[in-house]
Amino acid sequence: MKTIVLIGLVLAISGVALARDLPEFIHVCKKNEPNLSECIKSSIINMKPQLKTGVPDYKIPSLEPLILKELVATAGGNIKLKLTNVIIHGASDFSLTKLKANLETLTFVADLDLPRLSLKGNYDVNGRIILLHIRGNGPMEGNVTNSKGFVKIQMKEYKKEDGESYLKVAEIKTKIFVQDGALHLQNLFGGDPVLGEAVNNAINSNFNGFVTEIKPALESAISNAFTDIANGILQQVPFKTLFPES
Ligand SMILES: *[C@@H]1O[C@H](CO)[C@@H](O)[C@H](O)[C@H]1NC(C)=O
Ligand SMILES: *[C@@H]1O[C@H](CO)[C@@H](O)[C@H](O)[C@H]1NC(C)=O
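Residues numbered from 1 in each chain as written. Chains lettered and ligands numbered in written order. Predicted model: local features only at pLDDT ≥ 70, side-chain atom pairs only at ≥ 80, totals over all residues. Heavy atoms only, no water.

### Description of the site of ligand 1
1) Next: In the vicinity of ligand 1, the residues found are Asn-35, Glu-38 and Lys-41.
2) Next: In this structure, an oxygen atom belonging to ligand 1 sits 2.2 Å away from a side-chain N or O atom of Glu-38.
3) Next: Within the complex, 36% of the 360 Å² of free accessible area of ligand 1 lies under protein. (Near = heavy atom within 4 Å. Polar contact = N/O pair within 3.5 Å; in protein donor to acceptor, adjacent residues only side chain to side chain. Areas by Shrake-Rupley, 256 points an atom, 1.4 Å probe, with all protein chains shown as cover.)

### Details of the pattern of salt bridges
1) Next: Scanning the model with the defined rule gives five salt bridges in all.
2) Next: A salt bridge links Glu-245 to Lys-31, with the nearest nitrogen and oxygen atoms 3.4 Å apart. Separated by 214 residues along the polypeptide, Glu-245 in the segment after α6 (239-242) and Lys-31 in the loop between α1 (2-21) and α2 (36-46) bring together distant segments of the chain.
3) Next: Glu-245 gets classed as exposed once you look at its relative accessible area, which sits at 54%.
4) Next: For Lys-31, a relative accessible area of 35% corresponds to the partly exposed category. (Salt bridge = Lys/Arg side-chain N within 4 Å of Asp/Glu carboxyl O. Helix = DSSP H or I, 4+ residues; strand = E, 2+ residues; numbered from the N terminus. Buried < 20%, exposed > 50% of the residue type's maximum accessible area, 1.4 Å probe, protein only.)

### Considering the state of the cysteines
1) Next: On inspection of all chains with the given rule, the structure shows one disulfide.
2) Next: One disulfide in the model links Cys-29 with Cys-39; its S-S distance is 2.2 Å. Classification of the bridge connecting Cys-29 and Cys-39 rests on its S-S torsion, roughly -100 degrees, and on that basis the disulfide is left-handed. Taken together, the residues Cys-29 in the loop between α1 and α2 and Cys-39 in helix α2 connect sequence positions ten residues apart. Each member of the pair, Cys-29 together with Cys-39, is buried. (Disulfide = S-S within 2.5 Å.)

### Examining the nonpolar core
1) Next: Counting 66 residues, the largest nonpolar core has Ile-203 and Phe-243 as its most contacted members.
2) Next: With nine residues, helix α5 (residues 207-234) is the largest single contributor of residues to this core. (Core = buried A, V, L, I, M, F, W, Y, C linked by side-chain atoms within 4.5 Å.)

### A few points about the packing of aromatic side chains
1) Next: All told, the structure shown has four aromatic pairs when counted by the stated rule.
2) Next: When the ring of Phe-150 is compared with that of Phe-177, the centres are 5.6 Å apart and the planes differ by 75 degrees; the resulting orientation is edge-to-face. On the criterion of sequence distance, the pair formed by Phe-150 in strand β5 (residues 132-159) and Phe-177 in strand β6 (residues 165-177) is long-range, its members being 27 residues apart.
3) Next: Judged by its relative accessible area of 27%, Phe-150 falls in the partly exposed class.
4) Next: Taken together, a centroid distance of 6.0 Å and an interplanar angle of 85 degrees make the contact between Phe-239 and Phe-243 edge-to-face. By the burial criterion, Phe-239 is buried, and Phe-243 matches it.
5) Next: Note that Lys-215 overlies the ring of Phe-177, its terminal NZ or CZ placed 4.2 Å from the centroid. (Phe/Tyr/Trp six-rings, centres within 6.5 Å; stacked < 30°, edge-to-face > 60°. Lys NZ or Arg CZ within 6 Å of the ring centre and 35° of its normal.)

### Describing the site of ligand 2
1) Next: Arg-116, Glu-141, Asn-143, Ala-182, Leu-183 and His-184 make up every residue found near ligand 2.
2) Next: The contact in question runs from an oxygen atom of ligand 2 to an N or O atom on the side chain of Arg-116, over 3.3 Å.
3) Next: A distance of 2.4 Å is found between an oxygen atom of ligand 2 and a side-chain nitrogen or oxygen belonging to Asn-143.
4) Next: Computed on the free molecule, ligand 2 has an accessible area of 360 Å², of which 45% lies beneath the protein chains in the complex.
5) Next: For the shell around ligand 2, the element with the highest residue contribution is strand β7 (residues 180-185), accounting for three residues.
6) Next: Grouping the amino acids of the shell around ligand 2 by side-chain chemistry returns two nonpolar, two polar and two charged. (Nonpolar A, V, L, I, M, F, W, Y, C, P; charged D, E, K, R; others polar.)

### Let's talk about the environment of Glu-70
1) Next: By the secondary structure assignment, Glu-70 is in strand β1 (residues 66-72).
2) Next: C-alpha of Glu-70 to C-alpha of Leu-83: the two residues are 13 residues apart in sequence and 5.7 Å apart in space.
3) Next: In this structure, Glu-70 is in contact with Lys-82, Leu-83 and Thr-84, ignoring residues within four places of it in sequence. (Contact = heavy atoms within 4.5 Å.)

### Looking at unusual backbone geometry
1) Next: Cis geometry is found at the peptide bond from Glu-64 to Pro-65, where omega equals -5 degrees.
2) Next: Mapped onto the elements, Pro-65 comes out in the loop between α3 (48-53) and β1.
3) Next: Despite not being glycine, Asn-85 shows a phi value in the positive range, around 45 degrees.
4) Next: Along the chain, Asn-85 turns up in strand β2 (residues 79-89).
5) Next: Take Asn-85: its relative accessible area is 45%, and that puts it in the partly exposed class.
6) Next: Even without glycine at this site, Asn-187 takes up a positive phi of about 70 degrees.

In C-alpha cells form, the structure reads like this:
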C-alpha cells in the first residue's frame, strides 16, 4: 500500500515537472514514434495558434506579425544590403508541405508554402543589382505572393551545466523561391525622385531577377534569424523532454 502511494506521488511530481518543462500546447513526439516525421509535422500544425501570437514565456516569437530587427546581407558579391525593423504579415498562413526528421543524424528538412507576405521596414542598400547601381536608405514596403521555403537543419547535442543534453542548430540551409511580388523603396539616391522612380520601376518589372540577385543575402539573413529563434527555444527544454524514449 505504501509503495503504491509512493509511486503515485512520484508520478504526480514528475507529471508536474514535465508539464512545467513543456507547455501543454506542444504535442510531444516519442523518440520511437512509428512515423516521427508525421508526428512532428502535426505537432507543428497543432501549434499554429501559439506560433501566430507568440509565447513570450517560452521565447516563441509571434509570427503575426513577424518582426525581424535586422537582416544583414552577409553573402559576398557586389551588393551590401541591410534591412532593419522589418514587419512581416502573412507568415502565420504558412503550410507545411513536407517534413522529414531523423533523430539518429539529428537532421530536419521542411518545405513551406507562403501564399502571401507583406513587408514594411527600413532598407540600406549599396551595390549593383540587375545591372543597376542602387544606393539609398529609407523606408520600404512590398508584397510577395506564392513563395516557397526549403529549410534543412543539422542539429547537434550538447550538455549544459545541469548535466542534461540539449539540442542546438549546428548548420542551417534556407532556400526561398518567390513567384511574384512588388517592392517600393523610398528615398533612393538621397531622395532623387527621377532616379528613384526609375529604379523602383526597374525592380518591379524584373522582380524575379531582382529577387534572384538578393536571394543569397536574404537566405543567409533568414537562416541567421531562424537559428537565433530556434536556439532560444531549444535551450530551455532538454532533448529527452522534447523527444522522450517512450
Ligand atoms: C511518414 O510521414 C511523412 C510526413 O507526413 C510521410 O511523407 C511519409 O510517407 C510517412 N511514412 C510512412 C512510412 O508512413
Ligand atoms: C502591397 O499590398 C498592399 C495591400 O494590397 C498595397 O496597398 C500596396 O500598395 C502593395 N505594395 C506594393 C509595393 O505594391
